[in-house]
Amino acid sequence: MAPRRSTTSSPKAAGKANGGTAESASATGSPAGDAQVENDGQEGRAADPLMVMSVDKAFRVLHAFDYSRPSMSLTQVAATVGMDKSAAQRFTYTLEKLGYLRKDPVTKRFELTVRTLDLAHHYLRSNAMLERAMPYLMHLSKTTEETINLTVMDGPEIVFVSRFMSRHVLNTDVIVGTRMPAYCTAPGIAILSRLPTADAAALIDRMDLKPYTPHTTWQREDLLAKIAKSAVRGYATAFEEFYHGDLSVAAAITGPGGVPVGALNIAVSRARFTPEEMEERFAPLVVAAAGSVSQR
């Protein structure tokens, strides 16, 4: 499996129009920049009066940095986030002062700092499901010597929140925080299979469906049939649907009322198992482990 690219906002025409503002401008910004931020804030508050637009913009700046853009100049930040350079300067300056961005004194390029891991650390240490699941993840890792993952759904994607890698692992670039499309992964299908049919269909309709490999199930009706089948048998499979050579089986973890809150899966290499062998050997294990983590 490979990391899912981060989603960022597209540049606005206003950002392009003001792209010539000098990077050496005062940190208080220009009147034009202030006007744009104020107008954007007014539009956002009109749609949602409780929304603090400055917080939204600050997080958009942080999310603009990813594996394809590990560092950016002020001009690039402004273009990527969709704000003029004056506004971008104020947000990057503030985030630098707070310790979330670092500015190279020579190149003047910005990059994330280790402090951005703080929120992830607090999430991992305070997540009750992860705490309950950890003994089972460790046990499966030790007894199977295969890759064990815990994932949650976030919109149309799954997010890895814990991962025990096997020495046979194919994709070492998948780490905690990696996102993947739910519809072509075993954990995603497992979670969808525990939702009401209408809710699962609504989520499918929000997804950008396309084939990643010749084995990807991506047509809407085929996906709904696969979800229904997974609901009956209590687990889901994905055999080379996202990447060649990857076989995965997953079962949903549920909270009170049977609501799916995550999924546990085992992934193995196609070079070592056939899909039939993999399913027969590991499906009962993930079903039992997920059932033990679930809350009644």
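In what follows, the structure referred to is the one given above.
Residues numbered from 1 in each chain as written. Predicted model: local features only at pLDDT ≥ 70, side-chain atom pairs only at ≥ 80, totals over all residues. Heavy atoms only, no water.

With that out of the way, let us pick up the sheet that holds strand β6 (residues 179-181). Across the sheet, six strands lie side by side as β6-β5-β4-β9-β8-β7; this open sheet has antiparallel pairing. On the outer flanks of this sheet lie β6 and β7 (236-239), each paired with one strand and no other. Sheet twist, expressed as the average angle between the axes of neighbouring strands with direction ignored, equals 30°. Strand direction decides the pairing type here: strand β4 (residues 147-154) and strand β5 (residues 157-164), joined by seven bridges, are antiparallel. Bridge pairing links M153 to I158 in β5. On top of the sheet, helix α7 (residues 128-144) reaches β4, β5, β8 (246-254) and β9 (260-269); it is set at about 150° to β4, its chief contact. (Pairing = 2+ DSSP bridges. Helix = DSSP H or I, 4+ residues; strand = E, 2+ residues; numbered from the N terminus. Axes fitted to C-alpha atoms, helices over the stretch in contact; angles between N-to-C directions. Contact = heavy atoms within 4.5 Å.)

So, about α7. Here α7 contains 17 residues, and its C-alpha end-to-end distance of 25 Å stays within 8% of the 24 Å for a straight helix at 1.5 Å per residue. Along α7, the sharpest change in direction is near 40° and occurs at M134; proline P135 comes one to four residues later. For α7, the full list of buried residues reads M129, L130, A133, L137, L140, S141 and T144. The opening residue of α7 is N127, an N-cap whose side-chain oxygen sits 3.1 Å from the backbone nitrogen of M129. One or two positions beyond α7, positive phi appears at E145, with a value near 60°. (Expected span 1.5 Å × (residues − 1). Bend = angle between axes of the 7 residues up to and from the residue. Buried < 20%, exposed > 50% of the residue type's maximum accessible area, 1.4 Å probe, protein only. Polar contact = N/O pair within 3.5 Å; in protein donor to acceptor, adjacent residues only side chain to side chain.)

A few words on a nonpolar patch on the surface. Together, V52, V55, F59 and L119 give the surface a local cluster of nonpolar side chains, amounting to about 370 Å² of exposed area. Note that L119 resides in helix α6 (residues 117-126). (Patch = residues over 30% accessible without salt bridge, like charges linked within 9 Å, V, L, I, M, F, W, Y side chains within 5 Å. Areas by Shrake-Rupley, 256 points an atom, 1.4 Å probe, with all protein chains shown as cover. Salt bridge = Lys/Arg side-chain N within 4 Å of Asp/Glu carboxyl O.)

For the rest of this paragraph, the subject is the sheet that holds strand β1 (residues 71-72). The three strands lie next to each other as β1-β3-β2, forming an open sheet whose pairing is antiparallel. The two strands at the open ends of the sheet, each matched to only one other strand, are β1 and β2 (101-103). For β2 and strand β3 (residues 110-112), the ladder comprises three bridges, and the chain directions are antiparallel. If you follow R102 over to β3, its bridge partner there is E111. Relative to β2, helix α5 (residues 85-97) is tilted by about 105°, and along the sheet it contacts β2 and β3.

The next thing to look at is the nonpolar core. Taken as a class, soluble globular proteins show a tendency for nonpolar side chains to be buried jointly. Judged by nonpolar contacts, the single largest core of 27 residues is most densely connected at L150, V249 and M278. Counting residues per element, the ones that place at least two in this core are α7, β4, β5, β8, β9 and α11 (275-293). Ranked by the residues each element gives to this core, the list is headed by α11, at seven residues. Counting residues in each nonpolar core, the second largest holds 24 residues, with A182, L223, L224 and I227 among its members. (Core = buried A, V, L, I, M, F, W, Y, C linked by side-chain atoms within 4.5 Å.)

A separate point is the pattern of salt bridges. As enumerated under the stated definition, the model contains 13 salt bridges in all. Between R167 and E145 there is a salt bridge whose closest N-O contact spans 3.9 Å. Here R167 is found in the loop between β5 and β6, whereas its partner E145 is found in the loop between α7 and β4, with 22 residues between them in sequence. Its salt-bridge partner being R270, residue E240 comes within 3.8 Å of it at the nearest N-O pair. Highlighted residues: E240 in the loop between β7 and β8 and R270 in the loop between β9 and α11, separated in sequence by 30 residues. Salt bridges sharing partners connect three or more residues here, namely R102, D104 and E111.

A few words now on the pairing of β4. The buried fraction of β4 amounts to six of the eight residues, a majority that puts the element mostly inside the structure. Pairing of β4 with β9 involves five bridges; the strand directions are antiparallel. Residue L150 lies in a different strand from β9, and its bridge partner there is L264. The turn linking β4 back onto β5 is made up of two residues, and G155 within it adopts a positive phi angle of 65°.

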